[in-house]
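# Chains, contacts and geometry: an overview
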Amino acid sequence: ATSEATLAEAGPSSGARVIAFVVDDVGLSVAAAGSARQALLKHAESGMRERDLTTVLFASGESSLKRRFVTNRAAFLNMVKSGSFVGSSYGESQAGPQPGASSPPGPESEADKASPAAKQMAAAARRRDDFEARMERGRQTGLALGLLGTVRAVLRTMAQLPGRKTLVVFAS
């Protein structure tokens with residue numbers, strides 16, 4: 001079997017399955033990234049058939065669509081092992097209040113009794129927390145748009161290949 005398949009090699013009668021894995025290596029938690037890596041290794045060991053055209057792409061842009069679909073199990077394993085499965089702590093929820101988060105003042109809170117300087121500092125802390133929350137929402141939106149762009153590009157490439165298509169996305 002060849003290690004890389006081109007569109008011409010995978011003619012309409014090849015009977016190949018086309019399988020693309022997309023890993024959101026930026027948005028996945030560390031634990032989820034490890035699980036994704038294990039699932040890909042399991043596919044390489046027991047799920048990959050001789051004529052399958054398979055690839056792995058990472059949403060971080062570590063790899064691109066120039067990385068070709070391979071039919072060789074060893075080449076696919078190399079893609080998986082050379083991939084970025086670090087994950088991030090952004091995908092993990094944290095219990096309790098976030099550092100620096102302020103709770104709204106109660107009916108007779110300490111804020112009512114505080115000096116004007118303390119009130120100004122509390123207001124500045126709330127503005128900072130609001131700003132950080134908006135920045136985090138923007139970061140998450142950017143990551144989601146990047147992942148969707150990667151998926152769209154993969155789908156366009158897969159449409160050119162003959163055979164049954166499967167797209168698997170590992171994301172949180």
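See the structure printed just above.
These figures come from a predicted structure and were not determined experimentally.

The tally for this structure, following the rule as stated, stands at two aromatic pairs. Note on F21 and F76: the rings are 5.9 Å apart at their centroids and 40° apart in plane angle, and the pair reads as tilted. Taken together, the residues F21 in strand β1 (residues 17–23) and F76 in helix α2 (residues 73–81) connect sequence positions 55 residues apart. Both residues of the pair, F21 and F76, count as buried.

Our focus in this paragraph is the pattern of salt bridges. Scanning the model with the defined rule gives three salt bridges in all. Ionic pairing is found between D52 and R17, a salt bridge with its closest N-O pair at 2.6 Å. Of this pair, D52 sits in the loop between α1 (30–47) and β2 (53–58) while R17 is found in strand β1, placing the two residues 35 residues apart along the sequence. Accessibility expressed as a relative area gives 2% for D52, which makes it buried. Residue R17 is classed as partly exposed on the basis of its relative accessible area of 21%. Overlapping salt bridges, with partners in common, bring together R128, D129 and E132 in one network.

Now for the sheet that holds β2. One open sheet holds the three strands; their spatial order is β2-β1-β3, and the pairing between them is parallel. Strands with a single pairing partner mark the edges of an open sheet, and in this sheet they are β2 and β3 (164–170). Geometrically, the sheet is characterised by an average inter-axis angle of 15° between neighbouring strands, direction not taken into account. As judged from the seven bridges shared by β1 and β3, these two strands associate in the parallel manner. Paired with F21 across the bridge in β3 is V168. Here α2 sits on the sheet in contact with β1 and β2, set at roughly 10° to β2.

So, how was this worked out
- Residues numbered from 1 in each chain as written.
- Predicted model: local features only at pLDDT ≥ 70, side-chain atom pairs only at ≥ 80, totals over all residues.
- Heavy atoms only, no water.
- Phe/Tyr/Trp six-rings, centres within 6.5 Å; stacked < 30°, edge-to-face > 60°.
- Helix = DSSP H or I, 4+ residues; strand = E, 2+ residues; numbered from the N terminus.
- Buried < 20%, exposed > 50% of the residue type's maximum accessible area, 1.4 Å probe, protein only.
- Salt bridge = Lys/Arg side-chain N within 4 Å of Asp/Glu carboxyl O.
- Pairing = 2+ DSSP bridges.
- Axes fitted to C-alpha atoms, helices over the stretch in contact; angles between N-to-C directions.
- Contact = heavy atoms within 4.5 Å.

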